[in-house]
Amino acid sequence: MYSYNAICEDGNVLFSPTMKTIKALRSRYFRNREMFEAQPPVTEIVVFSGRKIHGYYTSEFKLDRSKPVDIHNILYGLV
């Protein structure tokens, strides 16, 4: 089960419900994009697999491989 936290420029965090696949999360994000227009622009999306960080994504929901997920999971105690 996957979920995401969309982080806005002003620090607000928008949460998603859990979905079975990342593809379902991605389509939900783009379907609800009108809802985000009232908020400042999304700068980063953090996708979770259960309680662990699965990956960091750009505002266009493309994987950002420059951020090491394993190290962040250890730092935040999510291992």
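Residues numbered from 1 in each chain as written. Predicted model: local features only at pLDDT ≥ 70, side-chain atom pairs only at ≥ 80, totals over all residues. Heavy atoms only, no water.

## Focus on the overall build of the protein chain
For clarity, the threshold we go by: Elements are defined by DSSP. Helices are runs of H or I of four residues or more, strands are runs of E of two residues or more, and each kind is numbered from the N terminus. Between buried and exposed lies partly exposed: a residue is buried under 20% and exposed over 50% of the maximum accessible area for its type, with that area taken using a 1.4 Å probe on protein chains only. Whether two residues touch is decided by their heavy atoms; if any such pair falls within 4.5 Å, the residues are in contact.
For the protein chain, the count of helices and strands is three helices and four strands. Tracing the protein chain from N to C terminus, the helices and strands come up as β-β-α-α-β-β-α. Along the first, second and third principal axes, the C-alpha set of the protein chain runs to 35 × 30 × 20 Å. Expressed as a percentage of the 79 residues in the protein chain, the buried residues total 34%. Put simply, 43% of the contacts in the protein chain that link residues at least 6 apart link residues at least 24 apart.

## Overview of the nonpolar core
For clarity, the cut-off: Residues belong to a common nonpolar core when they are buried Ala, Val, Leu, Ile, Met, Phe, Trp, Tyr or Cys residues joined through side-chain atoms within 4.5 Å.
Membership of the largest hydrophobic core comes to 13 residues, with the highest contact counts inside it found for Tyr-4, Leu-25, Ile-45, Val-47 and Phe-61. Every element with two or more residues in this core is listed here: β1 (2–8), α1 (22–31) and β3 (42–49). With four residues, the top contributor of residues to this core is β1. Residues in contact with Ile-45, not counting those within four places in the same chain, are Tyr-4, Asn-5, Ala-6, Tyr-29, Gly-55, Tyr-56, Tyr-57, Thr-58, Ser-59 and Phe-61. In terms of nonpolar packing, the next biggest core, distinct from the first, is built from five residues, Val-46, Phe-48, Ile-53 and Tyr-56 among them.

## Some details on the pairing of strand β4 (residues 52–57)
Put simply, the test is: Strand pairing is defined by DSSP finding a minimum of two bridges between the two strands.
Relative to β4, β3 runs antiparallel, the two being bridged by five bridges. Directly across from Val-47, in β4, lies its bridge partner Gly-55. Taken together, β3 and the strand that follows it, β4, pair antiparallel across an intervening segment of two residues, in which Gly-50 is found at a positive phi of about 70°.

## With respect to the pairing of β1
Taking burial as the measure, the seven residues of β1 include six buried ones, the bulk of the element. Two strands pair when backbone bridges link them, and β1 and β3 are joined in this way by seven bridges, in the antiparallel orientation. Across the sheet, residue Asn-5 finds its bridge partner in β3, namely Val-46. Here three bridges tie β1 to strand β2 (residues 13–15), and the two strands are oriented antiparallel to one another. Note that in β2 the partner of Ile-7 across the bridge is Val-13. What sits between the antiparallel neighbours β1 and β2 is a turn of four residues, in which Gly-11 has the positive phi angle 100°.

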